[in-house]
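# Understanding the architecture of this molecule
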Amino acid sequence: MRRTSAAVIGTVTSAALIFAAKLGADAVETPDTGQTASGDLAPAAEAPAPASKAPASRAPGGKAPARRIGLKDGVFKGAASVNQYGPIQVTIRVAGGKITALRATHATTPATTRQVNTRAIPVLRQEALSAQSAQVDTVSGATFTSGSFRTSLQSALAAARR
Amino acid sequence: MTAPLSSYPRAAPDRQTVPDLRTPLDARGASAASDLRTVLDSRASGGPRTEFGPRDGFAPRTDDPRAGFGSRAAHGASATADPRSAWPPAGGEARETEPPAARVAGNRLLIVLLFWGMFATSVGLWVFATPPSTLSGKAEIVTGIGRVTGMIGGFLLLTQVLMMSRVSWLETWIGGHDLIRWHRWIGGWLLVSVLAHAGYTTVGYALTSRSSVVDQTVTLWTDYDDMVGAFTAAGIMVGVGALAIRGVRRRMPYELWHWLHLTTYAILILGYGHQFSAGAELSEEGFARLYWTALYALVISCLVWGRVIEPLWFNLRHRLCVMDVVPESDSMVSIYVGGRNLDRLEARAGQYFRWRFLGARGWWQSHPFSLSAAPNGTWLRLTVSAAGRYTAGLGLVRPGTRVFACGPSGTFTAQHRVRRAALLIAGGSGIAPVRALLEELPRGTVVVYRAGGPADIVFGDELRGLAQRRGIDVRYVLGSRDEPGPRRLFTPEGMREIVPDVKQRDVYLCGPPGMVRAALATLSDLRVRRRQIHLDPFEF
């Protein structure tokens, strides 16, 4: 092979590969939520079901934040919130105007993400259950998971208020 | 300064009988020794020797058979002309015809470009998937370094295996010499990047999960798929890397080193799983995973092709066996190998095969030896110097012994020269590929044959024959390295005395490491460009 053809072929191939890597990375950054697996994080929660048509009730809740705006009883699924490590989707069960159970699905691959999520989500869940709102503190080392958790929980709460 | 350099005699031109190298072996073999003796005797008696001083060194002799050929005659150079003006090799023709390497010069460039392109792509997989904003904290940065070094390590590992796959396009495009050199060089970087990957990733994960490094290591082993294999692979790599340190490796037998080094294939298998199960870039569908899988597929198929299919095909087609074993000197022996379809053998002078003599001592070993004669359709010849136990045993190989060969390999060929003219410097057993190359190089080629003494010279008669038939200038530089002649050879002045136009020539070097080092230093002083210099396949 001559030098010129080698230079052209080598450069073009390399550039094409790098360009494809860029395109591939851009495509991954906006994934659909389909590939996420759900973690069995909330043993109290039931399998996510379509939002039930529970009767509206304005039961006075025990906790102040929850009392401010009444929640309908039922199971409500928040919109998935995607961060760069994958989506988080929160499903809540409301009974008597209170959040009684909470479960979050999250990405389980790669292993780092799983490790971060499996550590952070139980903490977030506990906080949310006790606060009865989406005002939960960020778990350190899990900034993105915490943010997505809040967003998704907010949308689940919004669904419960409707 | 004016002392005659009596140790640079030209090829003795006194013998007119040129043995035909392609016909009966025994006739040649029998005549070789006596011919050589005549040459040396005549040289010793000062007969055909040409003595020359440093300045007027290239005065052609009237009785020199080469006086009538080539540029010297064409340019009408007189006996007293300054060598620099009288010796433009092949004159204007050199510029008209393009040098042969133009056709193959791009091969190596392509490989190098693709290597860096793929290297950049591998790093790019991480770069493009990691927006700078995510590298906000200490833990993220440490993990990030762990991930990018992981991509680099994974890529370099595949490169390492590919370079050792013996696949023919790499062996003839890059050549075994550079493949080994690159393999050694990249091996160091591979070890560094894998260790950095393991260390940074573990520490980064530990920082993220607020656990200790020890706890995190345990978590990695217990909770993560394929991670035990990955740690084992890293351990093997450290072990092999430690053994590869020159001082350590010299102390152990080559066989042991070789077998231990083969365990590195386990690294490929053990390290594979965690790249896909835990690798952030590769765990999801998309270009990254496709690209990485394709790299693995390429390397594995080259490995199978180069290590299994090509050798089997080659040996089934040619069915090589030893025809004759001829001693060339006290320590060197030529083995003639015959076989089927040798006219279809696509080997060139200067290339080498990896030979395995079945049924001889050490049949399980394969050793690289250059062809010492250009392939001629009837036989192949290799010439070995009895340097070790194995090579000494080769002198006892019986005719009829089956031979399993792999090859050809190497870029030490006439085809790879970037100029038309050539200078060949051979030392000791390094004469073997040089002798073969002479059959494919043009007239005006100069050979400098460095040997310890007259008794160490091999192919004396063949060189003389080639000198006459093909117009090749053979100079012997005899003596130990401390004697004035050899010392003068490897100085810019001494080199220019023999070859005034050395900068316009390709230089082929083959010989002991010390000689090659000295020659490289001299050539570098003479500002001969590196791409004009060709090193033999075994001079590591």
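This structure is a prediction, so every number in the text was calculated from the model and none was measured.

Per the secondary structure count, chain B includes 20 helices and 11 strands. Here chain B, with 540 residues, has 52% of them falling under the buried criterion. Put simply, chain B shows about 23800 Å² of open surface, and 60% of that area lies on carbon and sulfur atoms.

Residue and element names in this part refer to chain B. What the 5 strands build is an open sheet, ordered β9-β8-β7-β10-β11; its pairing is parallel. The sheet is open, and its two borders are formed by β9 (473-478) and β11 (533-535), each paired with just one other strand. When the angles between neighbouring strand axes are averaged without regard to direction, this sheet yields 15 degrees.

Let us now look at the interface of chain A and chain B. Taken residue by residue, the interface counts 33 residues in chain A and 38 residues in chain B. Carbon and sulfur atoms supply 60% of the area buried between chain A and chain B, which totals about 3000 Å² over both sides. It is M1, R3 and Q115 of chain A that lose the most area in chain A upon contact with chain B, and together they represent 19% of the buried surface on that side. Where chain A packs against chain B, one counts 0 salt bridges. Scanning the region where chain A abuts chain B turns up 6 residue pairs in polar contact (both at pLDDT 80 or more).

All names here are of chain B. A cluster of nonpolar side chains, contributed by I300, V304, W305, V308, I309, L312 and L316, occupies part of the molecular surface with about 600 Å² of accessible area. Position of L312 relative to the elements: it lies in helix α14 (residues 287-318). Here L312 falls in the partly exposed class, since its relative accessible area comes to 44%.

For chain A, the assigned domains are domain 1 (1-30) and domain 2 (74-161). One C-alpha centre belongs to domain 1 of chain A, the other to domain 2 of chain A; they are set 40 Å apart.

Within the largest apolar cluster, 43 residues are counted, with the highest numbers of intra-cluster contacts made by L125, F155, Y291 and W292 of chain B. Contributing elements (two or more residues each) for this core: α1 (3-29) of chain A together with α5 (105-129), α6 (138-163), α8 (176-209), α10 (227-244), α13 (264-277) and α14 of chain B. The dominant element in this core, judged by the number of residues it contributes, is α6 of chain B, at 10 residues. In this structure W292 of chain B touches S122, L125, M151, G154, F155, Q275, F276 and L282 of chain B, once residues within four positions along its chain are discounted.

In this section: the pairing of strand β4 (residues 98-106) of chain A. Residue and element names in this part refer to chain A. Counting buried positions along β4 gives 7 out of 9 residues, so the element sits mostly inside the fold. In the sheet, strand β3 (residues 86-95) pairs with β4 via 8 bridges, with the strands oriented antiparallel. Considered in β4, the bridge of Q89 is made with T105. What sits between β3 and β4 in their antiparallel hairpin is a turn of 2 residues, with G96 showing a positive phi close to 60 degrees.

In this section: unusual backbone geometry. Residue and element names in this part refer to chain B. In the segment running from G407 into P408, the intervening peptide bond is cis, with an omega of -5 degrees. Residue position: P408 is located in strand β6 (residues 403-409). Unusually for a residue other than glycine, F459 sits at a positive phi of about 60 degrees. With respect to the secondary-structure elements, F459 resides in the loop between β8 (446-451) and α17 (460-470). For F459, a relative accessible area of 2% translates into the label buried. In this structure, R527 is a non-glycine residue whose phi angle is positive, near 60 degrees. Examined against the element boundaries, R527 turns out to sit in the loop between α20 (513-525) and β11.

Rules used in this analysis
Residues numbered from 1 in each chain as written. Chains lettered and ligands numbered in written order. Predicted model: local features only at pLDDT ≥ 70, side-chain atom pairs only at ≥ 80, totals over all residues. Heavy atoms only, no water. Helix = DSSP H or I, 4+ residues; strand = E, 2+ residues; numbered from the N terminus. Buried < 20%, exposed > 50% of the residue type's maximum accessible area, 1.4 Å probe, protein only. Areas by Shrake-Rupley, 256 points an atom, 1.4 Å probe, with all protein chains shown as cover. Pairing = 2+ DSSP bridges. Axes fitted to C-alpha atoms, helices over the stretch in contact; angles between N-to-C directions. Contact = heavy atoms within 4.5 Å. Buried area = accessible area lost by both parts, 1.4 Å probe. Salt bridge = Lys/Arg side-chain N within 4 Å of Asp/Glu carboxyl O. Polar contact = N/O pair within 3.5 Å; in protein donor to acceptor, adjacent residues only side chain to side chain. Patch = residues over 30% accessible without salt bridge, like charges linked within 9 Å, V, L, I, M, F, W, Y side chains within 5 Å. Domains from an automatic or database assignment. Core = buried A, V, L, I, M, F, W, Y, C linked by side-chain atoms within 4.5 Å.

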